Amino acid sequence: MNTQQIFYIVCGVVAVIMLIYYIRRKRRLLSAFFGVFSGIAALFAVNYFGGSMGVDLPINLFNFCGSAILGIPFVALLIIINIL
């Protein structure tokens, strides 16, 4: 098993965990929309204003999907990884 297969398996597991989380919420659709749009908005904000703070976070497929699935915590983790 190579690293790319492991990466896809981990991404699938995380997506299933988030799907279960949103299904168990009282207001499923509203919670999912808020999580997706807040994560994408945070990614675009960091991409636009990040240069002035010393963080270069590009918008690519991985970052976009990660911020859409996991939301703001994913963007915060990317910022921390980028700073270190």
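Residues numbered from 1 in each chain as written. Predicted model: local features only at pLDDT ≥ 70, side-chain atom pairs only at ≥ 80, totals over all residues. Heavy atoms only, no water.

1. Digging into the overall build of the chain
Here is the rule: Strands here are runs of E lasting at least two residues and helices are runs of H or I lasting at least four, both read from the DSSP assignment and numbered beginning at the N terminus. Summary of the burial criterion: residues with accessible area below 20% of their type's maximum are buried, those above 50% are exposed, and those between are partly exposed, where the area comes from a 1.4 Å probe applied to protein chains only. The contact criterion used is simple: two residues touch if any of their non-hydrogen atoms lie within 4.5 Å. Every accessible area reported is derived by Shrake-Rupley at a probe size of 1.4 Å, with residue values counting cover from the shown protein chains alone.
From N to C terminus, the chain includes 4 helices and 0 strands. Principal-axis analysis of the C-alpha atoms gives the chain an extent of 40 × 40 × 20 Å. Each of the 84 residues in the chain was classed as buried or not, and the buried ones make up 26%. At a minimum sequence separation of 6, the contacts of the chain that also span at least 24 residues come to 54%. Just so you have it, the chain exposes about 6,300 Å², and 74% of that area is on carbon and sulfur atoms.

2. Looking at the layout of surface pockets
Quick reminder of the rule: Both site types are read off a 1 Å grid over the protein atoms alone. A 1.4 Å probe that fits but cannot get out defines a cavity, while an open set with protein on both sides within 12 Å along at least five of seven lines defines a pocket; lining residues have an atom within 4 Å of a point. Grid points are joined across faces, edges and corners, and a volume is the space filled by probe spheres set on the points. Each residue is assigned to one class: nonpolar for Ala, Val, Leu, Ile, Met, Phe, Trp, Tyr, Cys and Pro, charged for Asp, Glu, Lys and Arg, and polar for all the others, Gly among them.
Its volume calculated, the largest pocket comes out at about 300 Å³. Along its surface, the largest pocket is lined by F7, V10, C11, V14, A15, L61, F62, C65, G66, I69, L70 and F74. For the lining of the largest pocket, the secondary-structure elements that each account for two or more residues are helix 1 (3–24) and helix 3 (61–70). A per-element tally of the lining of the largest pocket places helix 3 first, with 6 residues. Here the lining of the largest pocket is composed, by residue class, of 11 nonpolar, 1 polar and no charged.

3. Concerning the environment of V16
Within the secondary structure layout, V16 lies in helix 1. Of the residues examined, V16 reaches a relative accessible area of 46% and is grouped as partly exposed.

4. Quick word on the nonpolar core
Going by this rule: Throughout this description, the term nonpolar core refers to a set of buried Ala, Val, Leu, Ile, Met, Phe, Trp, Tyr and Cys residues connected via side-chain atoms within 4.5 Å.
Judged by nonpolar contacts, A42, L43, V46, V55, L57, F74, V75 and L78 together constitute the single largest core of 8 residues. Sorting the residues of this core by element identifies helix 2 (28–53) and helix 4 (72–83) as the ones contributing at least two each. Those residues within four positions of V75 in sequence are excluded, and the remaining contacts are G39, A42, L43, V46, L57 and S67.

5. Remarks on the confidence of the model for the chain
Rule in force here: Per residue, pLDDT measures the predictor's confidence, with a range of 0 to 100.
Confidence in the prediction of the chain, expressed as mean pLDDT, is 90, and 100% of residues score 70 or more. By mean pLDDT, helix 1 is the weakest element of the chain at 88, and helix 2 is the strongest at 92.

6. Some details on helix 2
As a reminder of what qualifies: One less than the number of residues in a helix, times 1.5 Å, gives the span that helix is expected to have. The quantity called bend is, for any residue, the angle between two axes fitted respectively to the seven residues ending at it and the seven beginning at it.
Counted at 1.5 Å a residue, the expected span for helix 2 with its 26 residues is 38 Å, and the 35 Å between its end C-alpha atoms agrees. Along helix 2, the sharpest kink reaches roughly 40 degrees, centred on N47. Of all the positions in helix 2, only S31, A32, G35, S38, G39, I40, A42, L43, V46 and G50 are classed as buried. Each element contacted by the buried residues of helix 2 is listed here: helix 1, helix 3 and helix 4. Phi turns positive, to about 85 degrees, at G54, one or two residues after helix 2.

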